[in-house]
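Chain by chain, the residues:
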Amino acid sequence: MVERRIQLAGVDTVQLLGFNDANLQMIEGRFDATITVRGDQIMVRGSETDAVKIEKIFKELIYILNKNGNLTPNDVDTVIDLVTVNGSSSEIPREVAAEDTDLAILYTKVGIIKPRSPGQRAYVQQIRKNDIVFAIGPAGTGKTYLAVAMAVAALKNRDVTKVVLARPAVEAGENLGFLPGDLREKVDPYLRPLYDALDDMLTFEKLRGYMEKRIVEIVPLAYMRGRTLHNSFVILDEAQNATAMQMKMFLTRLGPHSRTVITGDITQIDLPQTTVSGLVQIREVLRSIPGVAFAYLDRNDVVRHRLVKDIIDAYDRFNSNNGAAKNGGES
């Protein structure tokens, strides 16, 4: 057992420790150590490894508090995660531009997650202002990734108590029975993009804990029937593959103090040609409802590999030329 002392001279201890010592309790809950505050000192007693990490956590939190003037639960949670995983705070952003601070959604192990184009900034603002937001645009525009980041940030800031991510498994259809494994193993491949986004934003241990406690759920759209979600951030991904009835079912799951984001690309509908996409129809159904917003993203918002924009343009040209040729042949 060792003891380390951290000086708090000139530090707002109420802000640092949190309301009713909430920040202090978050730190203590992650370590087998005793943390005592006396006057302008914090005393840490525990193993050498834990004491060093706790000292680094407090020093980083003091830096953030002095720089920003406040601490959020997200700040505390992120610093704990980074120091715990990396053994140091070296990957925590230090000199962050004022614009980055304003735009930042989440600080993660992969860096600052923030909107990176005018379209993405408008999209994030719509999520912050409205309870229901539809994001429509091509692949690579960050529709799902930014929505998941907003959900994780809301969870860490305790704006919500649950995050639910849903996706239609349209392709599973009649082939589901031919896939190996139980039902979970059959549908997991269709939910993998949501897991990938969460893997960037949460440590393995944190994500596993959230999922074991059902604080974070990733489910096929069909599993949403009959539920009412309170104090939740709910995301429907690939919504172009939801039928009109499924879209109505999903939207009516929303309970008090909840918000939802629906993302999709209406140029990539996998439904049978005779089936109306709920995402296409909903633009007419809800276009004048207060609290519901539509964000449209395009090739200028693509943030994947530089070739993705060229691929989207190539397909647009191909489809336009084919359409023109077809119309010319029929005239």
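Thresholds applied
Residues numbered from 1 in each chain as written. Predicted model: local features only at pLDDT ≥ 70, side-chain atom pairs only at ≥ 80, totals over all residues. Heavy atoms only, no water. Helix = DSSP H or I, 4+ residues; strand = E, 2+ residues; numbered from the N terminus. Buried < 20%, exposed > 50% of the residue type's maximum accessible area, 1.4 Å probe, protein only. Contact = heavy atoms within 4.5 Å. Phe/Tyr/Trp six-rings, centres within 6.5 Å; stacked < 30°, edge-to-face > 60°. 1 Å grid on protein atoms, 1.4 Å probe; cavity = no way out; pocket = protein on both sides within 12 Å on 5 of 7 lines; lining within 4 Å. Points joined across faces, edges and corners; volume = space filled by probe spheres on them. Nonpolar A, V, L, I, M, F, W, Y, C, P; charged D, E, K, R; others polar. Salt bridge = Lys/Arg side-chain N within 4 Å of Asp/Glu carboxyl O.

Colleague: Can you walk me through the overall build of the chain in this structure?
Modeller: Scanning the chain from terminus to terminus reveals twelve helices and eleven strands. Burial status across the chain gives 48% buried among its 331 residues. Across the chain, contacts joining residues at least 24 apart in sequence account for 71% of those joining residues at least 6 apart.

Colleague: How do you make sense of helix 10 (residues 244–251) when you look at a structure like this?
Modeller: For helix 10, the complete set of buried residues consists of M247, M249, F250 and L251. Buried residues in helix 10 make contact with strand 6 (132–136), strand 7 (162–167), strand 9 (232–236), strand 10 (259–264) and helix 11 (278–285).

Colleague: It is not clear to me how the packing of aromatic side chains should be interpreted in this structure. Could you clarify?
Modeller: In this description, an aromatic ring pair is defined by two values, namely the gap between the centres and the angle between the planes. As enumerated under the stated definition, the model contains two aromatic pairs in all. When the ring of F134 is compared with that of F294, the centres are 4.8 Å apart and the planes differ by 10°; the resulting orientation is stacked. In this pair, F134 sits in strand 6 while F294 sits in strand 11 (residues 292–296), placing the two residues 160 residues apart along the sequence. In this structure F294 comes out as buried when scored by relative accessible area, which is 18%. Measuring from centroid to centroid gives 6.5 Å for F294 and Y296, while their planes differ by 15°, and the two rings are stacked. Taken together, F134, F294 and Y296 form an aromatic cluster joined through their ring pairs.

Colleague: Quick question: what am I supposed to make of empty space enclosed by the protein here?
Modeller: In this approach, a probe sized like a water molecule rolls over the atoms, and the result shows the empty space that is left. In this structure the tally under the stated criterion is one cavity of 30 Å³ or more. For the largest cavity, the calculated volume is near 40 Å³. Around the largest cavity sit M224, L229, V234, F250, L251, R253, L254 and T260, which together line it. A class-by-class count of the residues in the lining of the largest cavity yields six nonpolar, one polar and one charged.

Colleague: Explain the pattern of salt bridges to me, please; I cannot follow it from the model alone.
Modeller: Between side chains of opposite charge, a pair can form when the charged atoms approach closely. What the rule picks out here adds up to 16 salt bridges. The salt bridge partner of D81 is K206, with a shortest N-O separation of 3.7 Å. With D81 in helix 4 (residues 73–86) and K206 in helix 9 (residues 204–212), this residue pair connects regions lying 125 residues apart in the sequence. Assigned by exposure class, D81 and K206 land together as buried. Between E217 and K162 there is a salt bridge, with the nearest N and O atoms lying 2.6 Å from each other. In this pair, E217 is assigned in strand 8 (residues 216–220) and K162 in strand 7, connecting sequence segments 55 residues apart. Overall, the relative accessible area of 5% leaves E217 in the buried class. What emerges from the salt-bridge pattern is a single network uniting R30, D77, D81, K156 and K206.

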